[in-house]
Amino acid sequence: MTTPEITIATPADREAIVGCLVAAFVQDPVLRYLFPDEDTYPRYAAAFFGHLFDKRVHRSAIWTIGGGASAAIWEPPAGQPAAAHGHVPSGDGNTADRYPADVLARVEGYDDTVHAALPTYPFWYLGVLGTHPDSAGRGWGRAVMRAGLDRAAADGLPAILETSNPGNVELYRRAGWEVVGSLSEPVPTWIMQQPPR
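Residues numbered from 1 in each chain as written. Predicted model: local features only at pLDDT ≥ 70, side-chain atom pairs only at ≥ 80, totals over all residues. Heavy atoms only, no water.

**A short note on the confidence of the model for the protein chain**
Then, number 1: Counting all residues, the mean pLDDT for the protein chain is 89, and 89% of those residues have values of 70 or more.
Then, number 2: Scored below 50 in pLDDT, residues 81–93 shows 25 contacts in the model against residues more than four places distant or in partner chains. (pLDDT = per-residue confidence, 0-100. Contact = heavy atoms within 4.5 Å.)

**Quick look at the pairing of strand β4 (residues 124–131)**
Then, number 1: In terms of burial, β4 is largely enclosed, as six of its eight residues are buried.
Then, number 2: Both strand β3 (residues 70–75) and β4 contribute to a ladder of six bridges, which runs antiparallel. Directly across from Ile73, in β4, lies its bridge partner Val128.
Then, number 3: Two elements, β4 and strand β5 (residues 159–163), share three bridges in a ladder whose sense is parallel. Note that in β5 the partner of Trp124 across the bridge is Ala159.
Then, number 4: As for the winding sense of the linkage, the β-α-β connection from β4 through helix α6 (residues 140–154) to β5 is right-handed. (Buried < 20%, exposed > 50% of the residue type's maximum accessible area, 1.4 Å probe, protein only. Helix = DSSP H or I, 4+ residues; strand = E, 2+ residues; numbered from the N terminus. Pairing = 2+ DSSP bridges. Right-handed = clockwise from strand over helix to strand, strands pointing away.)

Now the structure itself:
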């Protein structure tokens, strides 16, 4: 079976990628800390991933495969030029409109805590990597991750990610990442780096 082509996501991929990530992160410790309620998880997680997609799609920093079945949402270092995809309507309103106050406080608090722990030097940031459960085990996650790592390498920069899933730490280590820091609160989280190649 031929591996599908890896592409840079465009606004037309939003629905498929957001749906993929909502399904992929159902058991993720951070997403369940942020959105613990089973009934509202799908809606709030979709708003969360949709916001990340909208922030980064115009920067040509989202790689996908299989029609959105796996995606890596990267954030280039500050100062990287944006691509010309045109205006991308978020459809979600501003951050305060997406969640009730308690959920908003968790989302903003977690985001502030993680970003305060990230390095101050330039790096490519792998914010989200997920594969729809129906497409797991095909190596697609590693493939879309590699596309972003290649961009970081072309820029001569390291790549950074964080994970709160202990099982992922060893998976990332096998892919060349190393733990460079950790957080204990609000969710145990490991910060990992892949040096520039």
